[in-house]
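So you can see what is in the structure, the chains are spelled out below.
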Amino acid sequence: MEPSLSATGLDVRRFTHADLPEIRQTLIDVHADAYADEMDDEFNQRFPWFVDHWGGLPGFSCVIAFDGDKAVGFAYGAPAVPGREWWREHLDPAPAKDLTFSYSELAVIPEWRKKGVAERLTRTLLEKRDEDLVVLLVDPDHPRVQALYESWGFRKVGKRQPFPDSPVYAVMLAELPLS
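A brief structural summary. (Residues numbered from 1 in each chain as written. Predicted model: local features only at pLDDT ≥ 70, side-chain atom pairs only at ≥ 80, totals over all residues. Heavy atoms only, no water.)

## Digging into the packing of helix H1 (residues 20-34) against helix H3 (residues 47-55)
Here H1 crosses H3 at 145 degrees, and the two axes come no closer than 10 Å. In the crossing of H1 with H3, the sense of the turn from one axis to the other is right-handed. Facing Leu 20, Arg 24, Leu 27, Ile 28 and His 31 of H1, the residues of H3 in contact are Phe 47, Pro 48, Val 51, Asp 52 and Gly 55. Taken together, the residues of the contact of H1 with H3 sort by class into 6 nonpolar, 2 polar and 2 charged. (Axes fitted to C-alpha atoms, helices over the stretch in contact; angles between N-to-C directions. Helix = DSSP H or I, 4+ residues; strand = E, 2+ residues; numbered from the N terminus. Left-handed = near helix turned anticlockwise from the far one by under 90°. Contact = heavy atoms within 4.5 Å. Nonpolar A, V, L, I, M, F, W, Y, C, P; charged D, E, K, R; others polar.)

So, in structure tokens, the structure goes:
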């Protein structure tokens, strides 16, 4: 079967914490394909730990896009712990709204990029959320990715280095639902 090469032709499926054993290897494989040129980076090599960490959270939410039976991209995250919205330190005053969804990861394999897959995954993951806000980190060395998030309603509110060996990321925040 020829791939449709259009985000509208993909089957986007939802998964939760309970599904992690079923989807774990799919996430790792898609990530390895999406970041094949950067897998010598030790931080990227730790991705299975991040899958286990985020997937281990009871509120974990994940969407995976499939072309037939081939996974071509995913997005996941989980609700932030109320009262521990670390992004608030970047705003003065911080918004009164505080229920936050932490959008942790988005990956699309190379042959499916620039076809609307990232936006479809993002919007599907974030639609009908109970949280007021969504926060994510984006590598500022990828300005087109940051601009893409901005086009979906995110705004940069600060910078953060979550791990000593990670990049210094741009902290981006948006109100839900996305515009």
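The rest of the description comes next.
## Comments concerning the pairing of strand S3 (residues 70-79)
Most of S3 sits inside the fold, with 8 of its 10 residues counted as buried. Across 7 bridges, the pairing between strand S2 (residues 61-67) and S3 is antiparallel. What sits directly across from Phe 66, in S3, is Ala 71. The antiparallel hairpin formed by S2 and S3 contains 2 residues in its connecting segment, where Gly 68 sits at a positive phi of about 65 degrees. (Buried < 20%, exposed > 50% of the residue type's maximum accessible area, 1.4 Å probe, protein only. Pairing = 2+ DSSP bridges.)

## Considering the nonpolar core
Counting 49 residues, the largest nonpolar core has Tyr 76, Tyr 103 and Phe 154 as the members making the most contacts within it. Within the second largest apolar cluster, 7 residues are counted, among which are Trp 87, Leu 133, Val 135 and Val 157. (Core = buried A, V, L, I, M, F, W, Y, C linked by side-chain atoms within 4.5 Å.)

## Structural notes on the pattern of salt bridges
The full count for this structure, using the stated rule, is 7 salt bridges. Between Arg 123 and Glu 119 there is a salt bridge, with the nearest N and O atoms lying 2.8 Å from each other. Of this pair, Arg 123 and Glu 119 both sit in helix H4 (residues 117-126), 4 residues apart, which is roughly one turn of that helix. Of the charged contacts, one joins Glu 131 and Arg 129 as a salt bridge, the two residues approaching to 2.9 Å between their closest N and O atoms. (Salt bridge = Lys/Arg side-chain N within 4 Å of Asp/Glu carboxyl O.)

## Focus: the environment of Val 108
Structurally, Val 108 can be placed in strand S4 (residues 100-108). A C-alpha to C-alpha distance of 24 Å links Val 108 and Leu 133, two positions 25 residues apart in sequence. Not counting the four nearest positions on each side in its chain, Val 108 is found in contact with Ala 34, Val 72, Gly 73, Arg 113, Val 117, Ala 118 and Leu 121.

## Describing the sheet that holds S2
Read across the sheet, 7 strands follow the order S1-S2-S3-S4-S5-S7-S6 without closing on themselves; strand pairing throughout is mixed. The two strands at the open ends of the sheet, each matched to only one other strand, are strand S1 (11-16) and strand S6 (155-160). Taken over all neighbouring pairs, the strand axes of this sheet differ in orientation by 25 degrees on average, direction set aside. As defined by bridge partners, S4 adjoins strand S5 (residues 133-138) across 3 bridges and the pair is classed as parallel. Opposite Ser 102, over in S5, you have Val 135 as the bridge partner. Packed onto the sheet, H1 meets S1, S2, S3 and S4 and runs at close to 115 degrees relative to S3. Across the face of the sheet, H3 comes into contact with S3 and S4 while running at roughly 55 degrees to S3.

## Overview of the pairing of S2
Taking burial as the measure, the 7 residues of S2 include 7 buried ones, the bulk of the element. Side chains Ser 61, Val 63, Ala 65 and Asp 67 project from S2 onto one buried face, and the interleaved Cys 62, Ile 64 and Phe 66 project onto a second face that is buried too. Sheet topology places S1 next to S2; 6 bridges connect them, and they run antiparallel. The residue of S2 that forms the bridge with Asp 11 is Phe 66.

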